[in-house]
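# A look at the structure
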Amino acid sequence: MKAWVPITSGLLAGFLAATISFGNFSSRTENKTVSGSTKSDAEKVYVPFGKQDEYYLFASGGHSGQMFIYGVPSMRHIRTVPVFSPDSATGYGFDEHSKKMMGDYTWGDLHHPAFSETNGDYDGKYMFATDVGNSRAAVMDLKTFTVKDIINVPNTSGPHCAAFVTENTEYLFLPTRFSVPLGSKYEPLDDYSKKYRGVMSAVTFDEKNTKLNIEYQVALPPWSYDLSDAGKKVSADWAVMTTYNTEEATTNLEINASQADRDYIVLFNWKELAKMVKDGQYEEIDGQKMIFPEKHKGGIYLVPVAKSPHGVDVTPDGKYFIASGKLAPALTVFSFEKAFKAIEHKEFAGDRNGIPILKYESVMEREVNPENALGPLHTQFDDQGMAYTTMFISSEVVKWDPKTGKTLDRVPVQYSPGHSVSAEGDTVSPDGKWLVALNKIAKDSYLSVGPSHPESMQLIDISGKMKVIQSVPVNPEPHYAQMIKADKIKTIEVYEKDEKNQNAIYKQEQAKIVRNGNKVDVYGIAMRSKFIFDVKSKRPDVIEVNEGDEVTIHLTNIDFDEDITHGFAINSYNLNIEVQPGQTNTVKFKADKAGTFPIYCTNFCSALHQEMTGYFLVKPKQ
Ligand code: CUK
Ligand code: CUA
């Protein structure tokens, strides 16, 4: 077992202490010169006014529940798109569509974004993301940069591993970080090994209706699944994910989940799993088709790996998968081809929970230990197939050759990088050029804002010798990002008229208020610079209702003009929605507060924006 554990337990304790405290920055910087960028670096990141960036960077917003959009190489923040948490800037979480998608949740923890793919290349159409905080998955339409669907994932808790998509977006797999009892019910922790499971969900995306759907689930052993990646080309039907806590510890994981010398990479063939489901090889659990690997055999294998791995990444040619050691200095390169042979010849070293374990020696290609590099977490690739691994503990990015294991270059970053992302990095043909390190700790990088600082993103020029040439603060907390060529994304300028939408009106004379008992439906218009709710009223911009009425307001922005967005807020009613050009949006609420409440447009839309107001009058109950 020694080969997997190139560090002694004493050293391990040291790594753990450093990992936990982030404490000893002097030791990590004393041998390195942390230099700022120069004037010629500045020219490389300078995108003159009137010109636009070459790439979009989509950075996950972690526990902000949002997605941050940046331009590369300027590193200018362009937009924040709310995904799993409400946002008063865009009215997300207030209008009916987003309110329904969000359910009762008011926060999320967005870890891993993933673009839709066609032939292993980003196609620029959709972005997927998962919520570790409340076990959800979302899809964003890149024509509008808005979220179209969110699903709750049953039987699972914290789909951290995901999202990762297969070569033609056949599936989006959501393995879970926390194991819980099936059906999400109560089971005592003493029964953890018997009753708890780490469920992976196979989700499909229906492009026509922009809906996500769970096709089947797999009841994996009660371990923690950490990171995953889909195969490419030769390994296109396969996917890999790392595990830790194969010890099945139920308390003090910091120590107890690092006891065994090894954990595993789970290797599975999704085509085989889909076939099993087709053949009825599953059980119905909580309305889901659940595969139990101990009963429904085939398609899933374990590959031993040094203890507590974190990232696993498939090379652009699809031939290898690389596991990062987190607590060790080691990276391990495994060969898909060798794994396929080992499976064919049944080179197994026993099993766990009915899942065959492949022999380490049969699958391992090489172990890589860049000198003095500590805490490898995640790996990205360039156009030459070279690997770039973030070193969390030694605060650097190391470039190395997966074919030889040789270290080629390294650059310090400030500080403690989690992921990094290279241009088109997860495709079958990365671009090289740029790499952005997503650093967990900014420390002294920017003007202080108190004891807690923003995170930092550093742009690294990888076209020659690696150099950090720009550093920008970012809100908590990018876990991962995706960088796509800007011209792949085709946004719309305005929403098209949708004559089939019963809630939409496009002419001022159609604006009306319909009363039916205690239900009030408003079909209104927003335009520069007025609201029209009832064209026949002597005050068309006033909505008057009785206390207790159920009010539904459908509002259409009839300014078919790029960037002319209107907001709709009712003062003191905790209510604000947005109508983008041509868009119809609906808000529903109960008029439970009697009184006089000004209505106003929240988005500055014209010189007379201040005049874009009205009144919401609520007559008290007698
Ligand atoms: S995890 Cu954050 S650094 Cu959620 Cu991808 Cu590794
Ligand atoms: Cu419409 Cu301001």
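Residues numbered from 1 in each chain as written. Chains lettered and ligands numbered in written order. Predicted model: local features only at pLDDT ≥ 70, side-chain atom pairs only at ≥ 80, totals over all residues. Heavy atoms only, no water.

### As for the overall build of the protein chain
The helix and strand tally for the protein chain stands at 9 helices and 43 strands. A compact globule built from 622 residues should have a C-alpha radius of gyration of about 25 Å, and the protein chain, at 26 Å, falls within 12% of that. Taken along the three principal axes of its C-alpha coordinates, the protein chain extends 85 × 65 × 45 Å. Residues counted as buried form 59% of the 622 residues belonging to the protein chain. Considering only contacts within the protein chain whose residues lie at least 6 apart along the sequence, 61% involve residues at least 24 apart. For the protein chain, the distance from the average site of its 67 positive side-chain charges to the average site of its 80 negative ones is 1 Å. (Helix = DSSP H or I, 4+ residues; strand = E, 2+ residues; numbered from the N terminus. Rg over C-alpha atoms; globule rule 2.2 N^0.38 Å. Buried < 20%, exposed > 50% of the residue type's maximum accessible area, 1.4 Å probe, protein only. Contact = heavy atoms within 4.5 Å. Lys, Arg positive; Asp, Glu negative; His and termini not counted. Charge placed at Lys NZ, Arg CZ, Asp CG, Glu CD.)

### With respect to the site of ligand 1
As a structural note, the neighbourhood of ligand 1 is formed by H111, H112, H160, L227, H310, H378, G418, H419, K440 and H479. Across the shell around ligand 1, the residue classes tally to 1 nonpolar, 8 polar and 1 charged. (Near = heavy atom within 4 Å. Nonpolar A, V, L, I, M, F, W, Y, C, P; charged D, E, K, R; others polar.)

### Considerations on the sheet that holds strand β21 (residues 331-335)
Read from one edge of the open sheet, 4 strands run β19-β20-β21-β24, paired in antiparallel fashion. With one partner strand each, in any of the chains shown, β19 (312-314) and β24 (364-368) form the two edges of the open sheet. Ignoring strand direction, the axes of neighbouring strands in this sheet form an average angle of 20°. Two elements, β21 and β24, share 4 bridges in a ladder whose sense is antiparallel. In the strand pairing of β24, T332 is matched with E367. On the sheet, helix α8 (residues 336-344) packs against β19, β20 (320-324), β21 and β24 and is oriented at approximately 60° with respect to β21. (Pairing = 2+ DSSP bridges. Axes fitted to C-alpha atoms, helices over the stretch in contact; angles between N-to-C directions.)

### Description of the packing of aromatic side chains
Per the counting criterion, the structure on display carries 31 aromatic pairs. Look at W223 and Y264: their rings are 5.5 Å apart centre to centre, the planes differ by 25°, and that puts the pair in the stacked class. One end of the pair, W223, is in the loop between β12 (211-220) and β13 (224-230); the other, Y264, is in strand β15 (residues 262-269), with 41 residues separating them in the sequence. As far as burial versus exposure is concerned, W223 and Y264 are alike and both buried. An angle of 85° between the planes, with centres 4.8 Å apart, marks the rings of Y573 and F597 as edge-to-face. In this pair, Y573 is assigned in the loop between β39 (566-570) and β40 (575-579) and F597 in strand β42 (residues 595-600), connecting sequence segments 24 residues apart. The side chain of K512 reaches across the aromatic face of Y523, ending 5.4 Å from its centre. Taking the ring centre of Y573 as reference, the NZ or CZ of K593 above it sits at 5.0 Å. (Phe/Tyr/Trp six-rings, centres within 6.5 Å; stacked < 30°, edge-to-face > 60°. Lys NZ or Arg CZ within 6 Å of the ring centre and 35° of its normal.)

### Details of the side chain of Q288
Relative to the assigned elements, Q288 resides in strand β17 (residues 288-291). Note on Q288: relative accessible area 13%, which makes it buried. Once you skip the residues sitting within four places of it in the chain, Q288 turns out to touch P154, N155, I214, Q217 and E283.

### Here we look at empty space enclosed by the protein
Tallying each qualifying case throughout the model produces 3 cavities of 30 Å³ or more. The space that makes up the largest cavity amounts to roughly 280 Å³. Around the largest cavity, the lining is made up of 27 residues, and of these A163, F164, S228, D229 and D426 lie nearest the centre. Taken together, the elements giving at least two residues each to the lining of the largest cavity come down to β4 (114-118), β8 (164-165), β13 and β19. Here the element with the most residues in the lining of the largest cavity is β13; it accounts for 4 residues. Of the residues that constitute the lining of the largest cavity, the class distribution is 13 nonpolar, 8 polar and 6 charged. (1 Å grid on protein atoms, 1.4 Å probe; cavity = no way out; pocket = protein on both sides within 12 Å on 5 of 7 lines; lining within 4 Å. Points joined across faces, edges and corners; volume = space filled by probe spheres on them.)

### Brief notes about the nonpolar core
Counting 28 residues, the largest nonpolar core has F531, F533, I543, F568, Y573, F589 and F616 as the members making the most contacts within it. Looking at this core, the elements with two or more residues in it are β35 (519-527), β37 (542-546), β38 (550-557), β39, β40, β41 (584-590), β42 and β43 (613-619). Not counting residues up to four positions away in its chain, the partners in contact with I543 are I513, V522, F533, I553, I599, Y615, F616 and L617. With 26 residues, the next largest nonpolar core counts C161, L220, M241 and L273 among its residues. (Core = buried A, V, L, I, M, F, W, Y, C linked by side-chain atoms within 4.5 Å.)

### Let's talk about unusual backbone geometry
Backbone geometry follows two general trends: most residues other than glycine have a negative phi, and most peptide bonds adopt the trans configuration. The amide bond that connects P476 to the next residue, E477, takes the cis arrangement and shows omega of -10°. Mapped onto the secondary structure, E477 falls in the loop between β32 (467-474) and β33 (481-485). The peptide bond linking R528 to S529 adopts the cis configuration, its omega dihedral lying at -5°. One can find S529 in the loop between β35 and β36 (530-532). Of note in the backbone geometry, M75 takes a positive phi value of approximately 65° without being a glycine. Located in the positive-phi region is F145, a residue other than glycine, with phi close to 55°. Relative to the helices and strands, F145 is located in the loop between β6 (136-141) and β7 (146-152). The class of F145 is buried, set by a relative accessible area of 14%.

### So, helix α7 (residues 270-278)
Taken residue by residue, α7 has W270, L273, M276 and V277 as its buried positions. Angular distribution of buried residues about the axis of α7 spans 115°; they occupy a single face of the element. Opposite the packed face of α7, turned more than 90 degrees from it, sit the exposed residues K275 and K278. N-cap assignment for α7: the residue whose side-chain oxygen lies 3.0 Å from the backbone N of K271 is N269. (Arc of directions from axis to C-beta. Polar contact = N/O pair within 3.5 Å; in protein donor to acceptor, adjacent residues only side chain to side chain.)

### Some thoughts on the pattern of salt bridges
Enumeration over the complete set of coordinates arrives at 26 salt bridges. A salt bridge links E96 to K99; the shortest N-O distance between them is 3.1 Å. Taken together, the residues E96 and K99, both in helix α4 (residues 96-102) and 3 residues apart, mark about one turn of the helix. Its relative accessible area of 13% is what places E96 among the buried residues. Judged by relative accessible area, which is 32%, K99 ranks as partly exposed. Here D431 makes a salt bridge to K485, at a shortest N to O gap of 3.2 Å. (Salt bridge = Lys/Arg side-chain N within 4 Å of Asp/Glu carboxyl O.)

### Re α8
Inspection of α8 places F336, A339, A342 and I343 among the buried residues, and these make up the whole buried set. Take α8 and look down its axis: the buried residues cluster within an arc of 120°, on one side only. Every exposed residue of α8 that faces more than 90 degrees away from the buried side is listed here: E337 and E344. At the N-terminal end of α8, a side-chain oxygen is found 3.3 Å from the backbone nitrogen of E337, two or three residues along, and the residue is S335. Following α8 by one or two positions, K346 has its phi on the positive side, about 50°.

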